[in-house]
Amino acid sequence: MSDTLTIKDNRTGKDYEIDIVDGNISAKDLRQIKINQGDFGMMSYDPGFMNTANCTSRITDLHGSEGILRYRGYPIEQLAEKSTFLDVVYLLFNGDLPNRQESSDWEERLTHHTMIHEKTKSFLKGFNYDAHPMGVFISTVAALSTFYPDARNVDDPDVRLLQACRLIGKTPTIASYAYRNSRGLPFIYPDNDLSYTGNFLNMMYRMVEPRYQAHPVLERALDILFILHADHEQNCSTSAMRNIASSKADPFVSVAGAAAALYGPSHGGANEAVLNMLKEIGTKDKVADYMNRCKDGELRLMGFGHRVYKNYDPRARIVKKVAEEVFEVTGRNPLIDVAMELERIALEDDYFVSRKLYPNVDFYSGLIYEAMGFPMEAFTVLFAIPRTAGWLAQWMEQMEDPEFRIARPRQNYQGPGERHVPDDYKS
Ligand code: ACO
C-alpha cells in the first residue's frame, strides 16, 4: 500500500499522485493540477475552514464525535479533578505537568507579574463607567505592548516566555480593575500570598476588610472553570492569534486581537448571550415556545452546538457538576431550571438530535458566574483570562515551527475583469 492519493483531472485526462502525510494531503500539491501551462493551478476552497488544517500542533487533542478533549494527552476530566489552573498553564507551555518544586517555582514566577504599570490606571479611568468589559480588556492588553518594547523581539524564546508570564500574571488584574472602574470602586493591588483565582476574587470583591478570603469552594470552582477554558486547539480566537502573530507582531497586540475574536456571540461571547436568553425566557413553561422559534430559524439556542463537537461537550458535563457545588454555597440560581428544561427538550427533539446540537461549555458557565456575583458583561472576560494561556502556548509553538509562514489565504475571485474608469463617471 502506498501513502499517496491518485487524482484524475477529467478536464485533461491527466492523473496526479499526491503524497499523504499524517492522513492529510498538502493543499499546495494541488497546484500542479492545471489545464494548461498558463493556469495558476488548483486550490482547495474552504470558507470557514471546515476541513483545513492550518498547522501541526502537539498541544490539544480533540475528538469531536466522541466528546474527547485532552491537553498534552491528559483527559480534561482528570485535569479538572486533580490539577490547578497554573499547573495546566505549565503543562500547555512545557508539554508536561510540573513536579512539586517546579509547580511552586512556576507559581512564584507568575505572581511576580501580577502588578500593572501605574499609568494603566489613568488609561482605564478614561473609559465610560458603562464601557463593555471586553472592550476595556482588549484595549488594555493591547496597551501593555507600549510598556514592554522588548516584547517585539519575538524570535528570542526567553523573551517569548517572559511576555507569556507577564500576560498570565496581568490579565486578572486588568479584568478586576476594569470591573472596579465601572463601579467607581478603588483598585485593589494583587496579593501574591493568595492563589491565582483567590487573588483574582480578592481584587474583584475586597471592600474595607483588611484581608479578603474567597470561599474555598468558589475559589476552586473558578480554578476548574479556568482549566476547562485554557485551550481548545484551532478555534476562531486561537486562529486569530496565530494569524496576527504570523506577521511577528508582539504577543500583547496578538492576544488583544485573539480576545477580540473571542468577544463575538458565536464564540466566547456566547456565555453572556446564554444568560440574556435564559432571562428572556424567564420560566420553565416558556421554554417550549422559545425552542420552536429556534427550530423555525428565527433564533439560535445560545450555548448549543459546536463546530467540532458532534457529541456532548465534555467541558459542559464538568461545568454542570461544578454549578451544583457552587449553588450549595451561593444558593440556587433559579435560571438553572430553565437551562435544564432547555437541555432536556433539546436532547429529545429531532431538530437538535439530527443536527447533533448539544450543550457547549458556555451553556452552564454563565449561571455559575452570576451566582458568584460577576456582572453578565464580564463573563467573556472570565473566558479570556484562562484562554490567554492557550493563545500563548499556541503562539510559542508556532514561533518554533519549522513550517512557520505568514498567514495569507488565497481567494476565489469572481468579480469583474479589467474595465476602465469613464472620464465622466460622476456626471
Ligand atoms: N440553535 C439552533 N440551530 C442551530 C444552532 C443553535 N445554537 N447551532 C447550529 N444550528 C443549526 C443551523 O441552523 C444549521 O441548520 P441547517 O443545517 O438546517 O441549516 C445546523 O445546525 C448547522 O449549523 P452551522 O451554523 O452550519 O454550524 P457551525 O459549525 O458553522 O456553527 C456554532 C457552530 C457557531 C457554534 C453554532 O452552533 C452556534 O451559533 N451556536 C450558538 C452560539 C454558541 O453557543 N457559541 C459558542 C460555541 S463554543 C465556543 O466558542 C466556546
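Residues numbered from 1 in each chain as written. Predicted model: local features only at pLDDT ≥ 70, side-chain atom pairs only at ≥ 80, totals over all residues. Heavy atoms only, no water.

A separate point is a positive patch on the surface. Taken together, K28, R31, R405, R408 and R410 make up a surface patch of like positive charges. Inspection of the secondary structure puts R410 in the segment after helix 17 (379–399). Judged by relative accessible area, which is 55%, R410 ranks as exposed. (Patch = residues over 30% accessible without salt bridge, like charges linked within 9 Å, V, L, I, M, F, W, Y side chains within 5 Å. Areas by Shrake-Rupley, 256 points an atom, 1.4 Å probe, with all protein chains shown as cover. Salt bridge = Lys/Arg side-chain N within 4 Å of Asp/Glu carboxyl O. Lys, Arg positive; Asp, Glu negative; His and termini not counted. Charge placed at Lys NZ, Arg CZ, Asp CG, Glu CD. Helix = DSSP H or I, 4+ residues; strand = E, 2+ residues; numbered from the N terminus. Buried < 20%, exposed > 50% of the residue type's maximum accessible area, 1.4 Å probe, protein only.)

It is worth spelling out the domain arrangement of the protein at this point. Structurally, the protein comprises domain 1 (4–45) and domain 2 (52–402). Computed over C-alpha atoms, the centres of domain 1 and domain 2 are 41 Å apart. (Domains from an automatic or database assignment.)

We now examine the site of the ligand. Around the ligand sit 18 residues, and of these H267, R300, L301, G303 and R307 come closest. Between N360 and the ligand, the recorded distance is 3.0 Å, taken from a side-chain N or O atom to an oxygen atom. A breakdown of the residues in the shell around the ligand according to their chemical character gives eight nonpolar, six polar and four charged. (Near = heavy atom within 4 Å. Polar contact = N/O pair within 3.5 Å; in protein donor to acceptor, adjacent residues only side chain to side chain. Nonpolar A, V, L, I, M, F, W, Y, C, P; charged D, E, K, R; others polar.)

Once that is clear, we can look at the packing of aromatic side chains. In total, this model carries 19 aromatic pairs according to the counting rule given. Between the aromatic rings of F200 and F226, the centroid separation amounts to 6.4 Å while the plane-to-plane angle is 35°, which identifies the pairing as tilted. In this pair, F200 sits in helix 7 (residues 196–205) while F226 sits in helix 8 (residues 216–229), placing the two residues 26 residues apart along the sequence. Judged on exposure class, the residue F200 and its partner F226 are both buried. Aromatic side chains F304 and F363 sit 5.1 Å apart centroid to centroid with 85° between the ring planes, which places their arrangement in the edge-to-face category. Linking F304 in the loop between helix 12 (287–295) and helix 13 (314–330) with F363 in helix 16 (residues 362–371), this pair joins segments that are 59 residues apart in sequence. For the pair shown, F304 and F363 are each scored as buried. Three or more aromatic residues link up through ring pairs in this structure, and these residues are F85, Y179, Y196, F200, Y205, F226, Y369, F374 and F379. In this structure, R355 is placed above the aromatic ring of Y351, and the distance from its NZ or CZ to the ring centre is 3.8 Å. (Phe/Tyr/Trp six-rings, centres within 6.5 Å; stacked < 30°, edge-to-face > 60°. Lys NZ or Arg CZ within 6 Å of the ring centre and 35° of its normal.)

Turning next to the environment of G303. Counting through the fold element by element, G303 comes out in the loop between helix 12 and helix 13. Sequence separation of G303 and M340 is 37 residues, and the distance between their C-alpha atoms is 12 Å.

Put simply, helix 5 (residues 133–147) and helix 17 touch, their axes get as near as 8 Å, and they point 30° apart. Classified by the angle their axes make, helix 5 and helix 17 are roughly parallel. Here helix 5 contributes P133, M134 and F137 to the contact with helix 17, which in turn contributes T380, V381, A384 and I385. Partitioned by chemical class, the residues of the contact of helix 5 with helix 17 number six nonpolar, one polar and no charged. (Axes fitted to C-alpha atoms, helices over the stretch in contact; angles between N-to-C directions. Parallel < 35°, antiparallel > 145°, perpendicular 65-115°, else oblique. Contact = heavy atoms within 4.5 Å.)

Time to look at the pattern of salt bridges. Here the structure, examined in full by the defined rule, presents 20 salt bridges. Residues R332 and D337 are paired through a salt bridge, measuring 2.7 Å at the closest nitrogen-oxygen approach. With relative accessibility at 32%, the residue D337 sits in the partly exposed group. Look at the salt bridges and you will find they share partners, linking E324, R332 and D337 into a network.

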